[in-house]
Amino acid sequence: MDFLSDFLTLFLDKLQSPTLGFLIGGMVVAAVNSRLQIPDAIYKFIVFMLLIKVGLSGGIAIRNANLAQMLLPAVFAMTVGILIVFIGRYTLAKLPKVKTVDAIATAGLFGAVSGSTLAAALTILETEGIEYEAWAAALYPFMDIPALVTAIVLASIYISKQRDTADEYLSKQKSLSKQRVTAGGYPSEEPGTAGEFGEQGIIARGYPKRDTADKRVKIWPIIKESLQGSALSALLLGLALGVLTQPESVYESFFNPLFRGLLSILMLVMGMEATARLGELRKVGQWYALYAFVAPLLHGFIAFGFGMIAHFTTGFSLGGVVILAVIAASSSDISGPPTLRAGIPSANPSAYIGSSTAVGTPVALALGIPLFIGLAQALMGN
Amino acid sequence: MDFLSDFLTLFLDKLQSPTLGFLIGGMVVAAVNSRLQIPDAIYKFIVFMLLIKVGLSGGIAIRNANLAQMLLPAVFAMTVGILIVFIGRYTLAKLPKVKTVDAIATAGLFGAVSGSTLAAALTILETEGIEYEAWAAALYPFMDIPALVTAIVLASIYISKQRDTADEYLSKQKSLSKQRVTAGGYPSEEPGTAGEFGEQGIIARGYPKRDTADKRVKIWPIIKESLQGSALSALLLGLALGVLTQPESVYESFFNPLFRGLLSILMLVMGMEATARLGELRKVGQWYALYAFVAPLLHGFIAFGFGMIAHFTTGFSLGGVVILAVIAASSSDISGPPTLRAGIPSANPSAYIGSSTAVGTPVALALGIPLFIGLAQALMGN
Amino acid sequence: MDFLSDFLTLFLDKLQSPTLGFLIGGMVVAAVNSRLQIPDAIYKFIVFMLLIKVGLSGGIAIRNANLAQMLLPAVFAMTVGILIVFIGRYTLAKLPKVKTVDAIATAGLFGAVSGSTLAAALTILETEGIEYEAWAAALYPFMDIPALVTAIVLASIYISKQRDTADEYLSKQKSLSKQRVTAGGYPSEEPGTAGEFGEQGIIARGYPKRDTADKRVKIWPIIKESLQGSALSALLLGLALGVLTQPESVYESFFNPLFRGLLSILMLVMGMEATARLGELRKVGQWYALYAFVAPLLHGFIAFGFGMIAHFTTGFSLGGVVILAVIAASSSDISGPPTLRAGIPSANPSAYIGSSTAVGTPVALALGIPLFIGLAQALMGN
């Protein structure tokens, strides 16, 4: 009962959060046929600002962490992050009528990490007097960024395969170069760039000698293309600058303070686009709700298991194991959406943001955190 | 004498304010043929940011107010806000050679509220020990937003009538769609949108069956179009988000701190455009000066009268009556200009900003506030 | 030895500064063929924001200064600022294979002033107990802005001469209007504007009556054109607003806090462009290193000499003389690059930023400041 009332309180609270408020505001604005628009140049710049901030904060956390000591937990965090996306790819995406790119994006968001869920867990750990390594919170970028990169690459591979299958029937050059930009870059790349990219892609994959024996999609060129896309470039640039330089001053005075505001405007834009695509979700909404309810707990248990391996082999604290589990259970309301919006533009934002914000995060907070802390306390013999 | 020196001090102070400084700076930049420009995408985004901030702050004020208790004063505030615009429409706009849209925009600005004038009045009320309801300051959005909306709608109706009259002589399709966007949206809407809008407008107003009997302009479609325009959409979106969600964190960290700076850039742009149109004002400047001197006192007395009705019927405090009068006497230097710029792009900013900043605000501060406070004290029997 | 280790520490520190980090980041992004881009409208606005901030801070410093007392030192600061650019024009620019516009831009940057070098000198002066006039630090805009303006004008004159020489052989109209925009405005002016500008330029210089006797370039029209360019317009607009109005509130709340962040994004763009032009520097890198090592000390000694004249004639303090020398020795890492980028777009940013950040600034800090303070102490008879 307590859980249910906690859950409902959190759910209603989330609906009043400015993030979701702007999303719904954008949907209403579009629904009433307003002529309100955010110029494209502004939109692209906002996405850039958000992604470089996400990268910078991850990079700064990694630079300040004790890398030698945290090696095994970090490898496990990375493994879990990638695993979560593959789980979503082979469960949610296989459900009837669920669109594959929407499912991959949703899994990416559930692999990514929510800073506020993590902060809640740290607070409770301290209240309960459970010890953990000071660097344990710095595990989050090791799960967050690999999960988002994996999602974008899996989506690119999927779209590429779809296209190649279609090619056999159609063999139409024109539509091809257009489809090619539906993953890996901002939604409206310069036409010139898009064209070049399409050509390069064709050459890289050895188009002329295509025959029935060569039907497998070549994966490395797609990964390279994904990484060269504006979304992952900005993310990785921020990560590299965070690790290699000392951007704290400019991060604290510029990128971090502007983050929430720019995010709210991005949400508005995403809401405006979501209106037209809300119908797509009507037939499959229950699958997203089911996934969003089960996934946080399942991911948390997987990470808890990996954490216990580190506990027994390298003495990773039980508090650290809880943190790893909470990181896995959380889904990103903040850093994930702009990355996925830019990296998998063809995915429906209503699907992944709705699943994460309305169901996934409340489940992780109200059910996941007490569960994993209780489990750790039981193992400690309290 | 005291009043005159107070007035002159305030007047000179206002001329040094950054808001007016950037406006004059923009005029000089344009006058010396500089190639300095603010890109259009930036300009549109700045307008959006300013309008959503104005809406948010109004919405937050309303959400935190005691709506039941303030019902009657709020209705009166709204009434006065709308009334002020109609007064300007049928006095200032009827003076010789005064352009109607300029007069409507000026009246809209005098109906809108200046936060700094209001703050000055609150300070003096406290110094004088005059009591007022804690929610009385929250009356301002009830006057501010209706006045701006009324001005934009009246301007749209006027432009629409003008066009229809012109149609009878010209019946030219081409010029029509161009004129149609001179009210209700950003000055340079996407050509596609502008076109569509023009077409829709024609259909909505039943173009084919136009005959001499059908000369009346249909008002509801115009109001609907005004509300769908980017200016009022952003304003009302902010208002709705302020009332329905809890945007305080993003408001305090993003929209509010950026407001004054973005406003200064908007002023620069408006100054650049004003240079070319300064000549228009030379013949009618004295009418604007007269209006700007008389209007604050007239509007204040009207609101004082309405306030006294609330005083005798529901016990609204005399301090509250003063606040209502000051809100009506003040004219918006800050929130109004971006709204009118976007909502009535064909109006000359030099007319309304000049009237408000150079004359209206000093009059309200140096003459209006002491007058209404003195009146209240006389009624209290001090 | 001490100096060498100080120098190397500073050098390594500089390489980790976010400013240089973003520059190198941009170079890497371009080198790996990423599709990351900053929209042009954003880029132009960032340049505008940076330039108006530089102007405003200079203007505010001048307004708050004691102009009568500082007249002679201010005139000397201005003289040294202009002189530095001419020295670079007739030394660095004459070295084999060094491109003239690159050399002029580099000299402009060494004439401009680094706020952080100045702050370091003020701290050391106070530690050493050497007295100086409170307004001495306000001398910096008198050197900074004239140096940048001189560099932009000299570059415009050079480019104009080049073009006229070329005309005699080619007399081709088409390529001409294209070359004409390589100095004085943002890199990508509106095509329309560029065209008009080209035409005007031709008419202003009396194109039809061109003959062998009229080969001298008319300088005043070029200066006028440079001042009307978007770069210098923004700079001078900020300066005027700083001197004539009271923009402190909007400066402190908006232009100043955003400065470092926007600068980092500009650096990213400049890095992206620098990659393609790095090869140009390979053959001449040693000349820039030599100039960047010698120039700070030479400029400092010249300013020290001028300062001593003021010391003996008007009693300018020896501490003030040191400040004047340090201002001359410093080169601008912060305010200069955006101005030169916009004012001399054809100059290679790798040349001037590399020279200043990697060599000039460490030399001024580690060698210049102790040298001039020691000199002043020797003259004081300590």
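Counting starts from 1 at the beginning of each chain's written sequence and moves along it residue by residue. Whichever chain is written first becomes A and whichever ligand is written first becomes 1, with later ones labelled in order. Given that this is a predicted model, residues contribute local features only at a pLDDT of at least 70 and side-chain atom pairs are listed and counted only at 80 or more, while totals for whole chains, interfaces and linings are drawn from all residues. Think of the side-chain values as coming from all heavy atoms in the structure, minus any hydrogens and water.

Engineer: Got a minute to help me understand the overall build of chain A in this structure?
Structural biologist: Secondary structure assignment for chain A yields 16 helices and zero strands. Exposure categories follow from relative accessible area, calculated using a 1.4 Å probe and restricted to protein chains: below 20% of the type maximum is buried, above 50% is exposed, and the middle band is partly exposed. Looking at chain A as a whole, 59% of its 382 residues are labelled buried. In chain A, the proportion of contacts linking residues at least 24 apart, taken out of those at least 6 apart, comes to 88%. Working definition: helices are DSSP H or I runs of at least four residues, strands are E runs of at least two. Numbering for both runs from the N terminus. Throughout, a residue-residue contact means that at least one pair of heavy atoms, one from each residue, lies within 4.5 Å.

Engineer: It is not clear to me how helix α16 (residues 349-380) of chain C should be interpreted in this structure. Could you clarify?
Structural biologist: Values of bend correspond, residue by residue, to the angle between axes fitted over the seven residues ending at that residue and the seven starting there. At G368 of chain C, α16 of chain C shows its largest bend, some 40°, and a proline, P370 of chain C, comes one to four positions later. A positive phi of about 85° marks G381 of chain C, the residue just after α16 of chain C.

Engineer: Sorry if this is basic, but what is going on with the confidence of the model for chain A here?
Structural biologist: Atomic detail in the predicted coordinates should be set aside for any region of low pLDDT. Residue and element names in this part refer to chain A. For chain A, mean pLDDT is 80; residues scoring 70 or higher make up 81% of the total. Values of pLDDT, ranging from 0 to 100, describe the predictor's confidence in every residue of the model. Ranking the elements of chain A by mean pLDDT puts helix α9 (residues 191-204) last with 34 and helix α14 (residues 318-329) first with 95. pLDDT under 50 marks residues 172-215. Its contacts with residues more than four places away, or in other chains, come to 66 contacts. As scored by the predictor, the complex reaches a pTM of 0.75 and an ipTM of 0.72.

Engineer: Got a minute to help me understand helix α13 (residues 285-314) of chain A in this structure?
Structural biologist: Side chains that are three or four residues apart share a direction in an α-helix, a result of its 3.6 residues per turn. All names here are of chain A. To estimate how far a helix should extend, the number of its residues minus one is multiplied by 1.5 Å. Helix length check: α13, at 30 residues, gives a terminal C-alpha distance of 43 Å against a target of 44 Å (1.5 Å per residue), a fit within 8%. At A295, α13 shows its maximal bend, which comes to roughly 35°, and the proline P296 appears one to four places after that position. Backbone geometry just after α13 places G315 at a positive phi near 75°.

Engineer: How should the interface of chain A and chain B be read in this particular structure?
Structural biologist: Think of interface size as the accessible area that goes away when the parts come together; that is how it is often given. The partner chain B presents 31 residues to the 25 residues of chain A that form the contact. The term buried area means the drop in 1.4 Å probe accessible area that two parts suffer when joined, counted for both and summed. Across the interface of chain A and chain B, roughly 2200 Å² is buried in total on both sides, 70% from carbon and sulfur atoms. Polar contact criterion, stated in full: a pair of N or O atoms within 3.5 Å, where within protein one must be able to donate a hydrogen and the other to accept it, and residues adjacent in sequence count only if both atoms are side-chain atoms. Taken together, the links from chain A to chain B amount to four residue pairs in polar contact (both at pLDDT 80 or more). Mapped onto the side of chain A that touches chain B, the elements with two or more residues apiece are α2 (18-31), α3 (40-63) and α12 (248-282) of chain A. Among the elements that line the side of chain A that touches chain B, the one with the most residues is α12 of chain A, at eight residues.

Engineer: Explain the packing of aromatic side chains to me, please; I cannot follow it from the model alone.
Structural biologist: Geometrically, a pair of aromatic rings is defined through the distance of the ring centres and the angle of the planes. The criterion for an aromatic pair is that two Phe, Tyr or Trp rings (for Trp, the six-membered ring) have centres within 6.5 Å, with stacked assigned to planes under 30 degrees apart, edge-to-face to planes over 60 apart and tilted to the rest. As enumerated under the stated definition, the model contains 24 aromatic pairs over all chains in all. Look at F45 of chain A and F48 of chain A: their rings are 6.1 Å apart centre to centre, the planes differ by 25°, and that puts the pair in the stacked class. In this pair, F45 of chain A and F48 of chain A both sit in helix α3, three residues apart, roughly one turn of the helix. Here the two residues F45 of chain A and F48 of chain A agree in accessibility, since each one is buried. Taken together, a centroid distance of 6.0 Å and an interplanar angle of 10° make the contact between F22 of chain B and F255 of chain C stacked. Here the residue F22 of chain B occupies a position in helix α2 (residues 18-31), and F255 of chain C occupies one in helix α12 (residues 248-282), the pair thus bridging two chains. Neither residue differs from the other here; F22 of chain B and F255 of chain C are each classed as buried. Aromatic ring contacts, followed pair by pair, group F22 of chain A together with F254 and F255 of chain B into a single cluster.

Engineer: Help me out: how do you make sense of the interface of chain B and chain C in this one?
Structural biologist: With 25 residues of chain B at the contact, the number on the chain C side is 31 residues. Of the roughly 2200 Å² buried where chain B meets chain C, counting both sides, 71% is carbon and sulfur surface. The working definition used for a salt bridge is a side-chain nitrogen of Lys or Arg within 4 Å of a carboxyl oxygen of Asp or Glu. Applying the counting rule to chain B against chain C returns zero salt bridges. Seen at the junction of chain B and chain C, the total is four residue pairs in polar contact (both at pLDDT 80 or more). The greatest single-element share of the side of chain B that touches chain C, amounting to eight residues, is contributed by helix α12 (residues 248-282) of chain B. Split into classes, the residues belonging to the side of chain B that touches chain C amount to 15 nonpolar, eight polar and two charged. Polar here means any residue outside two lists: the nonpolar Ala, Val, Leu, Ile, Met, Phe, Trp, Tyr, Cys and Pro, and the charged Asp, Glu, Lys and Arg; Gly therefore counts as polar.

Engineer: Could you clarify how one ought to interpret the relation of the copies chain A and chain B in this entry?
Structural biologist: The operation relating the two chain copies consists of a rotation about an axis and a shift along that axis. Alignment of the copies relies on least squares applied to C-alpha atoms, considering only residues that score at least 70 for pLDDT in both. Rotating chain A by 120° about the axis while translating it 0.0 Å along that axis superimposes it on chain B, leaving an RMSD of 0.0 Å. Considering both components of the superposition, the chain copies are consistent with a three-fold axis. Relative to the rotation axis, the C-alpha of A41 of chain A is the closest in chain A, positioned 3.8 Å from it.

Engineer: Explanation requested: the relation of the copies chain B and chain C in the structure shown.
Structural biologist: Rotating chain B by 120° about the axis while translating it 0.0 Å along that axis superimposes it on chain C, leaving an RMSD of 0.1 Å. Each copy contacts the other with its own distinct surface, as only 12% of the interface residues of chain B are interface residues in chain C too.

Engineer: Is there a simple way to think about the packing of helix α4 (residues 71-90) of chain C against helix α5 (residues 100-111) of chain C in this case?
Structural biologist: Helix-helix packing: each pair is described by the crossing angle between the helix axes and the interaxial distance. Residues and elements named next belong to chain C. Running from N to C, α4 and α5 point in directions that differ by 150°, and their axes come no closer than 8 Å. Relative to α5, α4 is oriented roughly antiparallel. Relative to α5, α4 is oriented so that their crossing is right-handed. Touching I84, V85, G88 and R89 of α4 are T100, I104, A107, G108, F110 and G111, all from α5. Classifying every residue of the contact of α4 with α5 by side-chain character gives five nonpolar, four polar and one charged. Helix axes are fitted to C-alpha atoms over the stretch in contact, other axes to C-alpha atoms as well, and angles between N-to-C directions run from 0 to 180 degrees. In what follows, roughly perpendicular refers to angles from 65 to 115 degrees, roughly parallel to angles under 35, roughly antiparallel to angles over 145, and oblique to any angle outside these ranges. Two helices cross in a left-handed way if the nearer one is turned anticlockwise from the farther one by less than a right angle. They cross in a right-handed way if the turn is clockwise.

Engineer: What is the right way to look at a nonpolar patch on the surface in this model?
Structural biologist: Taken together, the side chains of M78, I82, F86 and Y90 of chain A define a hydrophobic patch exposed on the protein surface, amounting to about 360 Å² of accessible area. Relative to the helices and strands, Y90 of chain A resides in helix α4 (residues 71-90). For patches, a residue must show more than 30% relative accessible area and have no salt bridge; joins then use 9 Å for like charges and 5 Å for nonpolar side chains, namely Val, Leu, Ile, Met, Phe, Trp and Tyr. Computed with a 1.4 Å probe, the accessible areas rest on the Shrake-Rupley method; for each residue, only the protein chains presented here act as cover.

Engineer: Sorry, what's going on with the side chain of S114 of chain C here?
Structural biologist: If you trace the backbone, S114 of chain C turns up in the loop between α5 and α6 (115-128). Once residues within four sequence positions are removed from consideration, S114 of chain C is found in contact with S330, S331 and S332 of chain C.

Engineer: Hey, could you run me through the environment of T19 of chain A in this one?
Structural biologist: Along the chain, T19 of chain A turns up in helix α2. Owing to a relative accessible area of 16%, T19 of chain A belongs among the buried residues under this scheme.

Engineer: What am I meant to see in the side chain of S332 of chain B here?
Structural biologist: Residue and element names in this part refer to chain B. Relative to the helices and strands, S332 is located in the loop between α14 (318-329) and α15 (336-343). Separated by 2.6 Å, the side chain of S332 and the backbone nitrogen of G336 make a polar contact. With near-sequence residues (within four places) excluded, S332 lies in contact with L109, A112, V113, S114, P337 and S356.

Engineer: How should I be thinking about the pattern of salt bridges in this particular structure?
Structural biologist: Pairing of side chains with opposite charge becomes possible as their charged atoms draw close. Under the counting rule described, the total for this entry stands at six salt bridges over all chains. The residue D40 of chain B makes a salt bridge to K44 of chain B at a minimum N-O spacing of 3.7 Å. Remark: K44 of chain B and D40 of chain B occur in helix α3 (residues 40-63); sequence separation between them is four residues, near one turn of the helix. In this structure, R63 of chain C and E248 of chain C form a salt bridge, with 2.7 Å as the shortest nitrogen-oxygen distance. Remark: E248 of chain C occurs in helix α12 and R63 of chain C occurs in helix α3 (residues 40-63); sequence separation between them is 185 residues.

Engineer: Help me out: how do you make sense of unusual backbone geometry in this one?
Structural biologist: Phi is mostly negative for residues that are not glycine, and the peptide bonds are mostly trans. One non-glycine residue with positive phi stands out, namely N33 of chain B, at about 60°. Structurally, the position occupied by N33 of chain B is in the loop between α2 and α3.

Engineer: Would you mind showing me how to read the environment of T150 of chain A here?
Structural biologist: Note on placement: T150 of chain A falls in helix α7 (residues 140-170). For the pair formed by T150 of chain A and G108 of chain A, sequence separation is 42 residues and the distance between their alpha carbons is 7.4 Å.

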